[in-house]
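# A structural walkthrough
These are the residues of each chain, in order.
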Amino acid sequence: MYKTDKDLTIFHKKEDDKVLFPVFSSDFYIFVRRITNLLTKLWLMTKEKKPAVLLLYTGGTIGMIENPETGALESFRFDELLKQVPELKRFHYRIDTYSFQPAIDSSDMEPELWGRIVRIITENYEHYDGFVILHGTDTMAYTASALSFMLENLSKPVILTGSQLPIGKLRTDGKENLITAIEIAAAKRENGQPMVPEVCIFFENELLRGNRTTKVNAENFNAFRSFNYPPLATVGIHIRFNEHLIRKNDFTQPLKPHFNFNNQVVMLSLFPGIRKSIVASVLQVPGLKAVVLRTFGSGNAPQKEWLIRHLKEASEKGILIVNITQCQHGAVEMHRYGTGLQLLQAGVVSGYDCTPECAITKLMFLLGNDLPLEQVRQLMDSDLAGEITRDKE
């Protein structure tokens with residue numbers, strides 16, 4: 001820009017060589033103006049900070065493409081996925097991305113990968129206003145439930161979403177799900193606090209509490225439902241938040257991540273005619289720590305002497321048994337009928353209106369923290385992250 005020092009400043013002098021005043025070249029004024037403009041832009045960026053969202057791609061249908069030879073859906077590069085959604089550039093946000101390599105089919109999701117997600121969020125927690133996780137739909141509700149317990153004192157949005165059709169398909173639901181999930185993750189109240197500081201699933205125009213959600217449809221776009229808790233937000237022309245339903249978190253508490261799980265658990269569904277040998281073999285699995293027992297109606301089981309005896313013996317040996325209903329709506333009320341009261345007397349714990357996905361991940365989480373059995377029983381009976389409604393019983 002400047003060839004020599006002479007180009008910077010020329011001095012007018014008197015005859016006695018004393019300096020009177022400096023005169024600057026035109027190039028110098030251009031330089032000053034550019035620096036001033038740059039500083040002004042930096043000041044404005046500081047004054048009006050862009051919302052920052054981290055987009056985490058784990059895998060799933062949203063990031064798949066059809067193999068022309070086999071017709072099967074296969075994962076493709078995440079940067080190619082972003083090219084399918086040029087609308088993201090219209091956001092006045094800073095959107096950064098992180099991609100699992102290789103991408104994980106949701107059928108292969110497991111606690112170790114939940115820990116990896118939590119570690120990524122924890123390491124980037126102070127740098128972003130919210131997080132969006134792209135995830136396969138088959139186990140999304142399990143992951144959302146697990147994260148709700150692993151991210152203790154969460155004060156920022158963690159929104160899981162995906163799609164039923166790959167994002168490269170003409171009729172894909174992925175674009176709208178992704179765009180709206182990012183907008184929700186960046187949404188703030190008038191006081192500057194995040195609008196939804198909890199783990200959620202956004203799918204087909206509804207924002208659902210993650211640990212209340214279950215997958216109900218493998219064909220239609222409305223793949224998820226929250227049967228026992230209303231949507232936190234509904235989306236149409238506007239995003240309408242149901243603020244009275246959103247958890248009121250303590251924003252002064254630091255995030256406390258957890259990583260340990262104990263998967264020595266099993267889910268046992270009762271059915272008419274279930275055999276004694278089946279129940280006995282399940283309860284005698286070596287190392288078994290807990291059972292999610294899926295019962296009829298409001299928490300009822302067959303009045304079989306051998307069934308109650310096996311459950312009571314297992315409970316006395318230190319195996320925690322949690323009762324949840326097979327019904328999509330409603331909750332366990334073991335005091336209601338004698339067929340439920342017998343389970344309570346055998347040491348079975350109520351799971352209230354907990355979903356199967358939430359019940360199993362909550363057990364794995366609590367057992368992974370090496371807590372005394374009685375404390376695990378008490379915590380299963382407690383609402384830790386908005387996962388149960390205790391006044392049902």
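Structural notes, computed from the coordinates. (Residues numbered from 1 in each chain as written. Predicted model: local features only at pLDDT ≥ 70, side-chain atom pairs only at ≥ 80, totals over all residues. Heavy atoms only, no water.)

## With respect to the sheet that holds strand 11 (residues 206-209)
The condition that has to hold: Should DSSP find at least two bridges between two strands, the strands are regarded as paired. Only DSSP runs of H or I reaching four residues or more are called helices, and only runs of E reaching two or more are called strands; each is numbered from the N terminus. Angles run from 0 to 180 degrees between N-to-C directions of axes, and those axes are lines fitted to C-alpha atoms, restricted for helices to the stretch in contact.
Taken in spatial order, the eight strands make up an open sheet running 6-3-7-9-10-11-14-15, and their pairing is mixed. Edge positions in the open sheet fall to strand 6 (94-99) and strand 15 (239-241), since each of these has one partner strand only. For this sheet the average axis-to-axis angle between neighbouring strands, irrespective of direction, equals 25°. Relative to strand 10 (residues 199-203), strand 9 (residues 158-161) runs parallel, the two being bridged by three bridges.

## Thoughts on the side chain of Thr 361
Going by this rule: We call two N or O atoms a polar contact when they sit within 3.5 Å, provided that within protein one can donate a hydrogen and the other can accept it, with sequence-adjacent residues counted only if both atoms are side-chain atoms.
Positionally, Thr 361 belongs in helix 9 (residues 356-368). Here the side chain of Thr 361 touches Glu 357 through a polar contact of 2.8 Å, landing on its backbone oxygen.

## Brief notes about the packing of aromatic side chains
Quick note on the threshold: Paired rings are identified among Phe, Tyr and Trp, the last through its six-membered ring, by centres lying within 6.5 Å, and are further divided according to the angle between planes into stacked (under 30 degrees), edge-to-face (over 60) and tilted (the rest). Note on classification: 1.4 Å probe, protein chains only; a residue is buried when its accessible area is under 20% of the maximum for its type, exposed when over 50%, partly exposed between these limits. Any Lys NZ or Arg CZ found within 6 Å of a ring centre and within 35 degrees of that ring's normal is scored as a charge over the ring.
Per the counting criterion, the structure on display carries seven aromatic pairs. Arranged with centres 4.6 Å apart and planes meeting at 10°, the rings of Phe 91 and Tyr 93 form a pair that is stacked. Assessed through its relative accessible area of 16%, Phe 91 is described here as buried. An aromatic cluster of three or more residues is present, and its members are Trp 114, Phe 149, Phe 261 and Phe 365. The positively charged end of Arg 119 is found above the aromatic ring belonging to Phe 259, 4.4 Å away from the centroid.

## Notes on the nonpolar core
To be explicit about the condition: For this analysis, a nonpolar core means a set of buried residues of the types Ala, Val, Leu, Ile, Met, Phe, Trp, Tyr and Cys, connected via side-chain atoms within 4.5 Å. Residues are treated as being in contact if the distance between any of their heavy atoms lies within 4.5 Å.
One finds Leu 147, Leu 151, Val 158 and Leu 160 to be the most contacted residues of the largest nonpolar core, which totals 55 residues. Element by element, the count of residues in this core is highest for helix 9, at eight residues. With residues near it in sequence (within four places) discarded, Leu 147 still touches Trp 114, Ile 117, Val 118, Ile 133, Val 158, Leu 160 and Val 199. Listed in part, the 29 residues of the second largest apolar core include Met 195, Phe 202, Leu 245 and Ile 246.

## Some details on the pattern of salt bridges
One side chain can pair with another of opposite charge once the charged atoms of both are near each other. Stated precisely, the cut-off is as follows: Here a salt bridge means any side-chain nitrogen of Lys or Arg lying within 4 Å of a carboxyl oxygen belonging to Asp or Glu.
As enumerated under the stated definition, the model contains 11 salt bridges in all. Lys 175 is the partner of Glu 87 in a salt bridge, and the nearest nitrogen-oxygen pair spans 3.9 Å. Pair noted here: Glu 87 is in the loop between helix 2 (78-83) and strand 6 and Lys 175 is in helix 5 (residues 174-186), with a separation of 88 residues, a long-range link. According to the relative accessible area criterion, Glu 87 is partly exposed, its value standing at 29%.

## Section: the packing of helix 3 (residues 111-123) against helix 4 (residues 140-150)
Formally: In what follows, roughly perpendicular refers to angles from 65 to 115 degrees, roughly parallel to angles under 35, roughly antiparallel to angles over 145, and oblique to any angle outside these ranges. We call a crossing left-handed when the near helix sits turned anticlockwise from the far one by less than a right angle, and right-handed when that turn is clockwise. Note on residue classes: Ala, Val, Leu, Ile, Met, Phe, Trp, Tyr, Cys and Pro are nonpolar, Asp, Glu, Lys and Arg are charged, and everything else, Gly too, is polar.
Across the interface, helix 3 lies against helix 4 with an axial gap of 10 Å and an inter-helix angle of 55°. One element, helix 3, and the other, helix 4, form an angle in the oblique class. The handedness of the crossing between helix 3 and helix 4 is right-handed. Only Tyr 142, Thr 143, Ala 146, Leu 147 and Met 150 of helix 4 make contact with helix 3, whose side of the interface consists of Trp 114, Gly 115, Ile 117 and Val 118. For the contact of helix 3 with helix 4, the class distribution of residues is seven nonpolar, two polar and no charged.

## Concerning unusual backbone geometry
Following Gln 101, the chain continues into Pro 102 via a peptide bond in cis, with omega recorded as 0°. Examined against the element boundaries, Pro 102 turns out to sit in the loop between strand 6 and helix 3. Of note in the backbone geometry, Asn 153 takes a positive phi value of approximately 65° without being a glycine. The residue Asn 153 is located in the loop between strand 8 (151-152) and strand 9 in this model. With phi around 55°, Tyr 352 is a residue other than glycine that occupies positive phi space. Tracing the backbone shows Tyr 352 in the loop between strand 20 (349-350) and helix 9.

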